[in-house]
Amino acid sequence: MKRTVLKFGLYGLLTGFVIFTLHLVLGIKNLDYSTNEILGYISIFLSLSFIFFGIKHYRDRVNNGVISFGKALGIGVLISLLVGLGIAFADFIYTQFIDPSFFSQYEQQLIEQGKADEIIKMTSTTAALFMLVLVTIIGFIISLISGLILQRK
């Protein structure tokens, strides 16, 4: 199980890094915050798609075509933790070193849009922790669905 989690977790993590790097190269600054947010969620979902493939791989190639719902859920959550750590790390690096003014600019945009009441003070660390939790929760949901689809006794 450990090899499957590491393999597919790293695939998801690398997918996230590739999309993040492309995003930076193509010009994150040239897009508005809502477009960047949508691209971020697409990146998360593409990275987390490896949960399904990891569970399927374990069932078909490692465990002779059999997997319980609990084992599938466990594999999926562990893969999502790896992906979440990668995305959290990338988010931290971006907001701490690449664009340290990100939070103040985002707050200014919310104020200009009349959404000052939606501002939550964030630091690079709290944003990274938020991303880790968010990705893990989304990964848990994908793991539940994948486990239900792929379980075989």
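Residues numbered from 1 in each chain as written. Predicted model: local features only at pLDDT ≥ 70, side-chain atom pairs only at ≥ 80, totals over all residues. Heavy atoms only, no water.

## Observations concerning a nonpolar patch on the surface
Taken together, the side chains of V133, I137, F140, I141, I145 and I149 make up a nonpolar region of the molecular surface, amounting to roughly 550 Å² of accessible area. By the element assignment, I149 lies in helix 6 (residues 124-150). Take I149: its relative accessible area is 56%, and that puts it in the exposed class. (Patch = residues over 30% accessible without salt bridge, like charges linked within 9 Å, V, L, I, M, F, W, Y side chains within 5 Å. Areas by Shrake-Rupley, 256 points an atom, 1.4 Å probe, with all protein chains shown as cover. Salt bridge = Lys/Arg side-chain N within 4 Å of Asp/Glu carboxyl O. Helix = DSSP H or I, 4+ residues; strand = E, 2+ residues; numbered from the N terminus. Buried < 20%, exposed > 50% of the residue type's maximum accessible area, 1.4 Å probe, protein only.)

## Let's talk about the side chain of H57
Take H57: it is sitting in helix 3 (residues 50-62). Judged by its relative accessible area of 17%, H57 is buried. With sequence-adjacent residues up to four places away left out, H57 is seen in contact with T4, K7, F8 and V62. (Contact = heavy atoms within 4.5 Å.)

## Quick notes on the packing of aromatic side chains
The tally for this structure, following the rule as stated, stands at eight aromatic pairs. Look at F20 and Y94: their rings are 6.2 Å apart centre to centre, the planes differ by 90 degrees, and that puts the pair in the edge-to-face class. Here Y94 lies in helix 4 (residues 69-98) and F20 lies in helix 1 (residues 2-26), a separation of 74 residues in the sequence. Under the relative-accessibility criterion, Y94 is labelled buried at 7%. Taken together, a centroid distance of 6.3 Å and an interplanar angle of 80 degrees make the contact between F92 and F97 edge-to-face. We classify F97 as exposed; its relative accessible area is 54%. Through successive ring pairs, a cluster of aromatic residues spans F8, Y11, F50, F52 and F53. (Phe/Tyr/Trp six-rings, centres within 6.5 Å; stacked < 30°, edge-to-face > 60°.)

## Topic: the nonpolar core
Grouped together as the largest cluster of nonpolar side chains are 20 residues, with contacts concentrated most on I44, L48, I55, I75, I79 and V135. When residues of this core are traced back to their parent elements, those giving at least two are helix 1, helix 2 (33-48), helix 3, helix 4 and helix 6. No other element matches helix 6, which puts six residues into this core. Apart from the residues lying within four places of it in its own chain, the contact partners of I75 are M1, V5, G54, I55, Y58 and I67. (Core = buried A, V, L, I, M, F, W, Y, C linked by side-chain atoms within 4.5 Å.)

## Some thoughts on the pattern of salt bridges
If you walk through the whole model with that rule in mind, you get three salt bridges. With its nearest N and O atoms 2.7 Å apart, the salt bridge here joins D60 to K56. Of the two residues, D60 and K56 both sit in helix 3, four residues apart, roughly one turn of that helix. D60 sits in the partly exposed class, given a relative accessible area of 32%. Judged by its relative accessible area of 32%, K56 is partly exposed. K121 is the partner of E107 in a salt bridge, and the nearest nitrogen-oxygen pair spans 3.0 Å.

## Side note on helix 1
Helix length check: helix 1, at 25 residues, gives a terminal C-alpha distance of 36 Å against a target of 36 Å (1.5 Å per residue), a fit within 8%. Residues of helix 1 that are buried include every one of T4, V5, F8, G9, G12, L13, G16 and H23, and no others. Residues of helix 1 that are buried in the fold lie against helix 2, helix 3 and helix 4. (Expected span 1.5 Å × (residues − 1).)

## Quick notes on the confidence of the model for the protein
On average, residues of the protein score 89 in pLDDT, and 97% of them reach the 70 mark or higher. Model confidence for the protein, summarised as mean pLDDT per element, is weakest for helix 5 (residues 102-112) at 82 and strongest for helix 3 at 97. (pLDDT = per-residue confidence, 0-100.)

## Describing the packing of helix 3 against helix 4
It is at 9 Å that the axes of helix 3 and helix 4 come closest, and there the two elements cross at 135 degrees. Classified by the angle between their axes, helix 3 and helix 4 sit oblique to one another. For the pair helix 3 and helix 4, the crossing hand works out as right-handed. Together, F50, I51, G54, I55 and Y58 of helix 3 and K71, A72, I75, G76, I79 and S80 of helix 4 make up the contact between the two elements. Of the residues in the contact of helix 3 with helix 4, the class split is seven nonpolar, three polar and one charged. (Axes fitted to C-alpha atoms, helices over the stretch in contact; angles between N-to-C directions. Parallel < 35°, antiparallel > 145°, perpendicular 65-115°, else oblique. Left-handed = near helix turned anticlockwise from the far one by under 90°. Nonpolar A, V, L, I, M, F, W, Y, C, P; charged D, E, K, R; others polar.)

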